[in-house]
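Structural overview
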Amino acid sequence: MTERRRNSLVLLVVLGLIAASIAVIATKPTKLGLDLQGGVSLVYQAKGTKQQPTVTPKALDRAVDIIRQRVNALGVAEAAVSRSGNNQIEADLPAVRDAQRAADQVGSTAQLYFYDWEKNLLDADCQTNPDQVNGGTQPVAGFFKAVQRASKCKPSEARTNASQQRFYGFNAANQPVNNRLPETDAAELWRDQPGGKKPAGFKQVEVPAGVLIVRAERPTGKGGKPGPRPDAWWLLRDSPALSGTDIKNPEQNFDQQGGGGPIVTMEFTSKGKREFQTVTRAIAQRGSDNSLGAGSAADQSQHFAIVLDNELVSTPFINFDENPDGIDGETGAQISGGFTVRSAQDLAKFLEIGALPIDLELISRSQVSATLGQQALDQGLVAGIAGFAIVALFLVAFYRVLGLIAVGGLAIYGLYFYAIIKLIPVVLTLPGIAGLILGLGVAADANIVIFERVKEETRRGRSTGVAIVEGFKRGISTIVDANVVTLLVAFILFILATAQVRGFALTLGLGTIVSLFTAVLATQAILLTLRNTRALQSRSALGATAERVRWHFDFMGASRWFFSMSGVILLIGALAIAGKGLKLGIDFESGTKITASLSKPASVERVRGTVEGLGFNNVTVRAVDDPDLGKNVVQISTGSLEPPEVGRVENALRTTYGVAQDPSSTSIGPTFGKSIADSALVAIVASLLVISIYIALRFQWKFAVPVLIALMHDILITGGVYALVGREVTASTVAALLTILGFSLYDTIIVFDRIRENMPRMPNAAFSQVVNRSMAEVLTRSLATSFSTLLPVLALLLFGGETLKDFAFALFVGIASGTYSSVFIAAPVLVHWKEREPVYRRRRERILAEVGHVPAFAVATAGAPVDVAPKPGRQASKTADPSQGVGEAEFEELVANLGIESERADGGARAGGTGVAGQRP
């Protein structure tokens with residue numbers, strides 16, 4: 001196939017994909033994430049039960065299926081339920097406004113048990129007293145007191161989830177440190193606390209096997225609606241008569257005999273019918289025996305208790321006058337007490353779907369209001385448009401006609417990218433928009449690498465057509481190396497990071513793949529098609545006029561100054577980290593942030609008092625100036641408020657001040673915070689390891705060491721700057737750090753690729769001379785690629801929302817540091833390493849012996865570019881390269897015109913020369 005036909009075919013494919021992309025964009029909806037449309041995100045930690053002591057992948061998959069069915073039963077459209085992290089399940093519920101209901105219903109294990117109440121109820125001495133109603137005791141006020149009392153009981157045979165001893169942890173204020181959930185391993189109580197340390201005043205209480213602590217039933221409030229759950233607890237011997245597996249066909253109905261309130265009715269299986277009849281008969285007979293001479297049946301009837309997830313739903317009594325032989329299971333049963341229509345419907349649906357095979361602990365809860373979501377979307381779109389505009393202006397100003405073609409390529413890139421997002425479909429989040437904007441920088445970088453090569457070939461006197469072909473040929477390996485590294489980092493982020501960061505990683509990876517297509521195929525086809533037109537014949541049109549800046553600096557000779565400057569910067573950063581420390585966000589430290597727009601004006605002090613009055617300490621409240629959210633906007637932050645308790649604060653705000661719109665909140669429990677910190681550390685280490693392996697395979701293993709040093713240099717500088725300015729480190733910051741690794745390596749690869757190219761072309765030069773020449777040749781290109789990347793990051797910093805600004809700040813600092821380190825740290829370290837090799841040590845000794853010093857630059861021998869001072873009327877640069885028609889004799893003539901001596905390409909001496917000439921590259 002001829003080149004012309006090939007280019008035409010590529011252009012036809014590009015045009016066809018443009019048409020298909022437009023059709024997809026016009027017909028497919030865009031799936032927005034919770035942070036752009038509002039909704040609730042819940043993350044649960046899976047824990048074992050008696051029936052399933054170990055959390056297996058099968059149990060997790062079953063739990064995901066059950067939660068997905070529950071979410072569908074709740075009527076949530078386009079919900080996403082998936083496994084994430086270490087034994088974690090994440091549920092994203094778009095457009096859900098009642099976060100508390102979602103948290104209560106989605107993660108409820110729905111473990112339903114029926115008890116002979118008085119027979120199993122334990123009194124203050126841990127004894128049962130079935131001869132008295134309620135065992136002759138009252139519930140214990142306060143969870144801590146209830147656990148203390150339970151710890152004094154003797155173990156007994158258990159039939160449900162209390163088959164082994166369990167441990168509870170409390171802080172100095174006697175508040176539970178683990179959301180009232182017990183652990184089977186005592187160390188797990190405090191291991192997930194901030195820093196993995198026991199809280200001050202930590203108390204550990206052991207409850208023996210077979211003893212349950214059950215929360216008292218919810219009272220009926222105003223208007224017949226259920227009131228709040230009381231802080232009152234019963235101790236129960238764990239010996240149920242029936243379980244949820246013994247029922248079928250649960251439905252929400254209304255109590256026709258008890259005032260018409262909502263109830264849940266159910267039928268029993270064959271086994272359930274027999275067991276139900278047996279236990280209710282025993283309760284009725286015991287009530288009848290106890291009532292002899294003691295009053296009416298209503299006063300002496302004993303109870304049949306219904307317990308759902310260790311919370312008492314109701315304790316209906318069995319009237320022995322009406323049911324002396326118990327209740328026939330053929331007629332089924334009903335659960336009543338404290339239901340609304342919605343809660344009764346939810347319970348009926350969940351009992352029908354089935355119980356979760358594992359226990360779930362809510363470890364993270366986030367809610368974004370629709371207003372904040374729309375605001376974030378608008379800010380992200382503005383940042384994207386601004387990023388595209390300033391990159392386009394830079395490319396046109398710097399590369400003229402080539403820049404216009406690149407802008408067209410970027411437009412095609414954006415079109416393809418958006419169509420892919422809609423087609424897959426990818427849920428577009430705020431970090432995803434950041435990845436899309438950074439993709440502009442990746443796509444622009446690929447064009448810049450090629451354009452700089454084209455300009456180099458044009459300045460050497462090649463025709464436009466040959467320069468374009470050679471530019472693509474020589475630039476493609478650099479582009480592939482740099483983009484493969486970016487893809488590897490994106491892949492590691494996607495596998496190891498949290499959901500929000502995963503959205504960024506996905507869009508960054510997709511953007512890198514699309515940019516490879518547009519830069520390597522589409523842009524190349526357009527350039528080759530236009531290469532013989534008048535538009536590309538002028539060198540000025542290509543931006544390839546005589547270089548205004550030629551780098552003559554002795555980069556390697558000044559390396560000690562670069563190392564010293566970096567040392568000072570790193571020392572300042574280290575002192576800042578040691579003195580001020582890094583300000584870790586709630587992603588790592590755990591805690592809660594609630595942003596609420598209040599209907600009534602309230603001072604910061606008054607709101608703080610309201611929250612502290614609920615029993616939470618270390619509360620920080622600040623006013624937020626955001627007209628889009630309202631006039632009286634406050635942000636509440638505290639480390640003592642865990643995910644399940646967020647609803648208490650929100651309800652207090654609604655009751656006391658009124659809320660203009662649904663609050664937005666982020667609540668991270670210690671378990672989730674620890675998992676984020678662990679995954680961040682693993683992601684960074686994995687990225688460094690993968691990058692090192694790739695560099696060692698593509699270059700030499702010694703090239704990997706300077707790369708690692710430069711990358712660590714960039715991470716430390718970014719951390720030092722964060723400590724100095726006091727910015728908060730979040731999960732998004734970790735994503736930015738990993739992205740910095742990729743972009744820093746991008747610049748380093750540009751430098752190392754040219755060093756690798758020049759090494760065989762300068763077979764007699766000292767390694768410092770090889771690197772100096774390589775630096776002089778690629779420094780402009782390196783600066784241009786970094787600048788094109790910084791431009792969209794600057795757009796994020798100026799126009800993005802609060803989350804994007806934090807993310808962009810880390811990127812801005814890191815990319816600037818990465819540009820510096822790739823030129824002034826990685827290359828000098830490589831020189832100091834390589835010059836210890838015998839071959840380069842001998843070269844250096846020979847040059848010192850013949851010249852007396854090692855000049856900064858050397859003239860390359862056969863197969864390398866040789867600078868020739870132009871004669872009048874000549875455009876003057878020739879290449880001593882036999883493959884390009886310049887033989888050894890012509891090369892010798894060129895060297896003679898320069899007034900210097902040369903060496904053979906095979907290393908043999910010619911005329912006793914050194915291959916060294918002055919200071920000019």
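1. As for the overall build of the protein
Looking only at helices and strands, one finds 25 helices and 24 strands in the protein. In the protein, the proportion of contacts linking residues at least 24 apart, taken out of those at least 6 apart, comes to 76%. As displayed, the protein offers around 38700 Å² of accessible surface, 56% of which is attributable to carbon and sulfur atoms.

2. Quick look at unusual backbone geometry
Here Ile424 and Pro425 are connected by a cis peptide whose omega angle stands at -10°. Of note, Pro425 is situated in the loop between α11 (370–423) and α12 (430–459). The phi angle at Asn310 is positive, at roughly 60°, despite the residue not being glycine. The residue Asn310 is located in the loop between β13 (304–308) and β14 (311–314) in this model.

3. Looking at the sheet that holds strand β12 (residues 262–268)
By definition, the strands of a sheet pair up through backbone hydrogen bonds, in either a parallel or an antiparallel sense. Strand order in the open sheet formed by three strands is β11-β12-β15, and the pairing between neighbours is antiparallel. Where the open sheet ends on each side, the last strands, each with one partner, are β11 (247–254) and β15 (333–335). Each adjacent strand pair in this sheet contributes to an overall mean axis angle of 30°, direction not counted. In this sheet, β12 lies alongside β11 in antiparallel orientation, the contact comprising six bridges. Counterpart to Ile247 in the pairing with β12 is Phe268. Docked against the sheet, helix α10 (residues 341–353) engages β11 and β12, running at close to 170° with respect to β11.

4. Quick notes on the nonpolar core
Residues Leu395, Ile691, Ile695, Phe752 and Ile755 are the most contacted members of the largest nonpolar core, which totals 136 residues. Among the elements that line this core, the one with the most residues is α11, at 18 residues. With residues up to four places along the chain from it excluded, the contact list for Ile755 reads Phe703, Phe767, Val770, Val771, Ser774 and Leu830. In this structure, Leu93, Ala102, Ala103 and Val106 belong to the second largest nonpolar core, which totals 30 residues.

5. Some details on the packing of aromatic side chains
Scanning the entire structure with this criterion turns up 26 aromatic pairs. Where Phe394 meets Phe398, the ring centres are 5.6 Å apart and the plane angle is 15°; that geometry is what we call stacked. With Phe394 and Phe398 both in helix α11 and four residues apart, this pair spans about one turn of that helix. With centroids separated by 5.4 Å and ring planes inclined at 80°, the aromatic side chains of Phe553 and Phe555 adopt a geometry described as edge-to-face. Grouping aromatic residues by their ring pairs yields a cluster made of Phe143, Phe144, Tyr168, Phe170 and Trp233. Positioned over the ring face of Phe144 is Lys203, at 5.9 Å from the centre of the ring.

Cut-offs used in this document
- Residues numbered from 1 in each chain as written.
- Predicted model: local features only at pLDDT ≥ 70, side-chain atom pairs only at ≥ 80, totals over all residues.
- Heavy atoms only, no water.
- Helix = DSSP H or I, 4+ residues; strand = E, 2+ residues; numbered from the N terminus.
- Contact = heavy atoms within 4.5 Å.
- Areas by Shrake-Rupley, 256 points an atom, 1.4 Å probe, with all protein chains shown as cover.
- Pairing = 2+ DSSP bridges.
- Axes fitted to C-alpha atoms, helices over the stretch in contact; angles between N-to-C directions.
- Core = buried A, V, L, I, M, F, W, Y, C linked by side-chain atoms within 4.5 Å.
- Buried < 20%, exposed > 50% of the residue type's maximum accessible area, 1.4 Å probe, protein only.
- Phe/Tyr/Trp six-rings, centres within 6.5 Å; stacked < 30°, edge-to-face > 60°.
- Lys NZ or Arg CZ within 6 Å of the ring centre and 35° of its normal.

The quantities given are spatial measurements derived from coordinates; they are silent on function.
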